[in-house]
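As a plain string of letters, each chain reads:
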Protein chains: 2
Amino acid sequence: MPQNQTKYSYIAEEIRNRILNHQYPENQAIPSEVSLAKEFSCSRMTMKKALEVLVLEGLLYRKRGHGTFIIKSALRGEQLPIYNQEVSGFTKLLNGKNVQSEVIHFEVIFPDETVQAKLNITSETPIYDILRIRMVGDEPYVLEHTFMPVTLIPGMTQTVLENSVYRYIQEELGLRIASSYKQIRADKPSELDQKYLLCKAEDPIIEVEQTVYLNSGTAFEYSLSRHRYDKFVFKVINVVRG
Amino acid sequence: MPQNQTKYSYIAEEIRNRILNHQYPENQAIPSEVSLAKEFSCSRMTMKKALEVLVLEGLLYRKRGHGTFIIKSALRGEQLPIYNQEVSGFTKLLNGKNVQSEVIHFEVIFPDETVQAKLNITSETPIYDILRIRMVGDEPYVLEHTFMPVTLIPGMTQTVLENSVYRYIQEELGLRIASSYKQIRADKPSELDQKYLLCKAEDPIIEVEQTVYLNSGTAFEYSLSRHRYDKFVFKVINVVRG
DNA sequence: TAGTGGTCTAGACCACAGA
DNA sequence: CTGTGGTCTAGACCACTAC
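Residues numbered from 1 in each chain as written. Chains lettered and ligands numbered in written order. Predicted model: local features only at pLDDT ≥ 70, side-chain atom pairs only at ≥ 80, totals over all residues. Heavy atoms only, no water.

A.B. asks: Where do I start with the environment of His 22 of chain B in this structure?
C.D. replies: Locating His 22 of chain B in the fold gives a position in the loop between helix H1 (7-20) and helix H2 (33-39). With 30 residues separating them in the primary sequence, His 22 of chain B and Glu 52 of chain B have C-alpha atoms 20 Å apart. (Helix = DSSP H or I, 4+ residues; strand = E, 2+ residues; numbered from the N terminus.)

A.B. asks: Looking at this structure, I do not really get the nonpolar core. What am I missing?
C.D. replies: In a soluble, globular protein the nonpolar side chains are often hidden away together inside. Leu 119 of chain A together with Ile 15, Ile 19, Leu 36, Met 47 and Leu 60 of chain B are the most contacted members of the largest nonpolar core, which has 37 residues in total. Of all the elements, helix H3 (residues 44-56) of chain B adds the most residues to this core, at seven residues. The contact partners of Met 47 of chain B, leaving out residues within four places of it in the chain, are Ile 11, Ile 15, Glu 33, Leu 36, Ala 37, Phe 40 and Cys 42 of chain B. (Core = buried A, V, L, I, M, F, W, Y, C linked by side-chain atoms within 4.5 Å. Buried < 20%, exposed > 50% of the residue type's maximum accessible area, 1.4 Å probe, protein only. Contact = heavy atoms within 4.5 Å.)

A.B. asks: Where do I start with the domain arrangement of chain A in this structure?
C.D. replies: When the parts come together, some accessible area is lost, and that loss is often what is quoted as the size of the interface. Domain boundaries in chain A define domain 1 (7-72) and domain 2 (84-231). The C-alpha-based centres of domain 1 of chain A and domain 2 of chain A are spaced at 36 Å. (Domains from an automatic or database assignment.)

A.B. asks: Help me understand the protein's contact with DNA strand D, please; the structure alone is not making it clear to me.
C.D. replies: Close to DNA strand D lie 26 residues, the nearest being Arg 44 and Lys 48 of chain A together with Lys 7, Ser 43 and Thr 46 of chain B. The share of sugar and phosphate among atoms of DNA strand D within 4 Å of the protein is 66%. In this structure, Gly 65 of chain A approaches DNA strand D through a main-chain N or O atom, which is 3.0 Å from a base oxygen. Between a sugar or linking oxygen of DNA strand D and a side-chain N or O atom of His 66 of chain B, the distance comes to 3.0 Å. At the level of secondary structure, the elements contributing two or more residues to the surface near DNA strand D comprise helix H3 (44-56), strand E1 (60-63) and strand E2 (67-70) of chain A together with H1 and H3 of chain B. Of the residues forming the surface near DNA strand D, the biggest block, four residues, is contributed by H3 of chain B. (Near = heavy atom within 4 Å. Polar contact = N/O pair within 3.5 Å; in protein donor to acceptor, adjacent residues only side chain to side chain.)

A.B. asks: So what exactly am I meant to see when it comes to the packing of H1 of chain B against H3 of chain B here?
C.D. replies: All names here are of chain B. The N-to-C vectors of H1 and H3 enclose an angle of 55 degrees; their axes lie 8 Å apart at closest approach. One element, H1, and the other, H3, form an angle in the oblique class. For the pair H1 and H3, the crossing hand works out as right-handed. Contacts from Lys 7, Tyr 8, Ile 11, Ala 12, Ile 15, Arg 16 and Ile 19 of H1 reach H3 at Thr 46, Met 47, Lys 49, Ala 50, Leu 51, Val 53 and Leu 54. For the contact of H1 with H3, the residue count by class is 10 nonpolar, one polar and three charged. (Axes fitted to C-alpha atoms, helices over the stretch in contact; angles between N-to-C directions. Parallel < 35°, antiparallel > 145°, perpendicular 65-115°, else oblique. Left-handed = near helix turned anticlockwise from the far one by under 90°. Nonpolar A, V, L, I, M, F, W, Y, C, P; charged D, E, K, R; others polar.)

A.B. asks: I would appreciate a short explanation of the relation of the copies chain B and chain A in the present structure.
C.D. replies: Put simply, the two copies of the chain differ by a rotation about an axis and a shift along that axis. The operation relating chain B to chain A is a screw motion whose rotation component is 180 degrees, with 0.0 Å of axial translation and a residual RMSD of 0.1 Å. Read as a symmetry element, the transformation amounts to a two-fold axis. Both copies contact each other with a shared surface, as 98% of the interface residues of chain B are interface residues in chain A too. (Least-squares fit on C-alpha atoms with pLDDT ≥ 70 in both.)

A.B. asks: It is not clear to me how the protein's contact with DNA strand C should be interpreted in this structure. Could you clarify?
C.D. replies: Around DNA strand C, the surrounding shell holds 26 residues, and the nearest of these are Lys 7, Ser 43 and Thr 46 of chain A together with Arg 44 and Lys 48 of chain B. Backbone atoms, meaning sugar and phosphate, make up 66% of the atoms of DNA strand C lying within 4 Å of the protein. Arg 62 of chain B is positioned such that a nitrogen or oxygen atom in its side chain is 3.2 Å from a phosphate oxygen of DNA strand C. Between a phosphate oxygen of DNA strand C and a side-chain N or O atom of Thr 68 of chain B, the distance comes to 3.1 Å. Every element with two or more residues in the surface near DNA strand C is listed here: helix H1 (7-20) and H3 of chain A together with H3, strand E1 (60-63) and strand E2 (67-70) of chain B. Grouping the constituent residues of the surface near DNA strand C by class yields four nonpolar, 12 polar and 10 charged.

A.B. asks: Help me understand the interface of chain B and chain A, please; the structure alone is not making it clear to me.
C.D. replies: Taken together, the 51 residues of chain B in the interface contact 51 residues of chain A. Between chain B and chain A, the buried area comes to about 4,400 Å², and carbon and sulfur atoms account for 52% of it. Contact with chain A buries area across many residues of chain B, yet Tyr 181, Val 236 and Asn 238 of chain B alone supply 16% of it, more than any other trio. Along the contact surface separating chain B from chain A lie two salt bridges. Residue Lys 188 of chain A is joined to Asp 203 of chain B by a salt bridge in which the shortest nitrogen-to-oxygen separation is 3.2 Å. Elements with a contribution of two residues or more to the side of chain B that touches chain A: H3, E1, helix H4 (72-75), strand E6 (177-187), strand E7 (205-214) and strand E9 (234-239) of chain B. Top contributing element to the side of chain B that touches chain A by residue count: E6 of chain B, with 11 residues. (Buried area = accessible area lost by both parts, 1.4 Å probe. Salt bridge = Lys/Arg side-chain N within 4 Å of Asp/Glu carboxyl O.)

A.B. asks: Sorry if this is basic, but what is going on with H1 of chain B here?
C.D. replies: Because each turn of an α-helix spans 3.6 residues, side chains separated by three or four positions end up pointing in the same direction. Residue and element names in this part refer to chain B. Taking 1.5 Å per residue, 14 residues should reach 20 Å; H1 reaches 20 Å between its end C-alpha atoms and fits that length. Listed as buried for H1 are Tyr 8, Ile 11, Ala 12, Ile 15, Arg 18 and Ile 19. The buried side chains of H1 occupy one side of the element, clustering within an arc of 125 degrees when seen end-on. At its buried positions, H1 is contacted by H2, H3, E1, E2 and H4. Two residues or fewer past H1, His 22 is found with a positive phi of approximately 60 degrees. (Expected span 1.5 Å × (residues − 1). Arc of directions from axis to C-beta.)

Structure follows, in C-alpha cells:
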C-alpha cells in the first residue's frame, strides 16, 4: 500500500489493472464484495467505494442478487471515459502526440457583460483575453478563446500559454480544480475559424463553451473552443445512480 | 419519511428543495454534516451520501476545513444538469411542451456490421429499424434513427413510437436502464436531414450517437440523433472526485 | 484548539435472484 | 435457503482551516 493515496483509490487502481489485463473472465461475475474485501483486508464499505469508482468510469456494472460484471465494450477500446471524466486541458488529452500551441492574441482587458456573468466578476476586474490555435503535428485542431481573471491566475506568460495552462495552475500555483460546466453545440464557421482552422465556409464547427471552477468555488476560466468537425468527438458516459 | 425511497435520496431531495427555494443564504456555508445529521436523525455517513448526490448534480461543493457551499451559478438557471444526468428520452427532456413524433420508417430487419458490433448481437438477431422525426409545436427538432433487438423489447407499436419508448420500456416492460454511452459530433446535413429538419445545405447538424444498456448489461438501443444546430445544446457537468 | 469534511471500520438489516 | 449488492449505523482517526 503506497503512501499518499487513499485505500479505496489504491484498490480501485489495482482492480482496474486486473480488468484491463484480462485477469478476470469477461463472461462471469468478478469476485464478490465480501471476498474482495477479505483479499484486500478492508471493510465492505471501503471495497464498495472502490468498486463505485470503476462503475462511474463505465468499466463495471453491478446488479443486486447477481454480482459485479465487466462491461465488455469498455475493454474493446472505443468507449473510454476520456473527455468527460477528467477536467484537463487539451495538452493532456492528446498525450504522446506532438501538440503545439500558437498564441494569436494575448492581452489584459476588462470583461464584457457575458464574461462578467460567467466568471461572476465586475466590469472592473481585469482578465486575460487569450486566443490560441492548437496544432497536432502540422494540422490545426481547435481555436480556443479563453478568459481568466488576472488576480486568480497571476504570472501568466507566453511560455505557459504555449505549453499547458492547466499544469501551471495546478503545479506552479498549487490551485485545485473542482468542477467544470460545458455546453456543446454546432455552428457555422466564422472568418476567424476559416483562417486558423483551415476549413471551408460549408464545414461545420463544433463549439465547446466551458466554465471551470476551483476548489474555492470561484470560476477561474471561461472559454470557447471551436473544433474542426472532422477532428473532434465528445464522449460522455452516463451511469444511472441508485 | 415516505415509503419506497432510501433515506439518503429523501434527504437529498429535501435539501435540494431548500437550496432552490433560497432557504439557505448563498454566501455562507450551509449547516455542517454533523448538524444536518442530527436534524434528519441519521448517521454522518448517510448525510454524506445525501450531500454527495447534490455535489454530483453540480448544486453544492465541499471543502475540507471550510464547509459545504452552494454553487451560485447553478441557482441562476443556466447550468442545470438536464441532459447528461438522466438517461431519458426526448419526451421527458421537453416536459410540458407540445412534443410530437412522426414515424417515418418502422420495420424489422437484420443488422449490418456496425449495429451488430454496437448491440453485441449476431447478424441473425432481428432488430427494429426506426426512423422518427421529433417535433416541438410545428417545428422539427431532431431526426432519430434507432435500432433495438426485437427479442429484448417485444411488442413495439406505432403508438408507442409516437409517444415515449422509454416510458414503455420502463413502465410496461419493467426493464431498468443502467447506463448510456454518447458521442457528440458535428456533421454536414444529408438530404434526409434537409428534407425532415427543414434545414439548408450550409446549416450544420449536431449528431448524438448513443448506446444504451439495461441493468442486465445488455445493450438494448443504438441510435443516431441528428439535431438542428440552432435548436440543440448538449450540457455536461463535471465534478472532480476525491 | 475547535470545527470542518474525508476515510475507514465492523456489523446490522434489507431487497433481490437462483437453486 | 444462500449469496449477491444496497443501505444504514455509531464511532474512530485523519487532514485541513481558522482563531
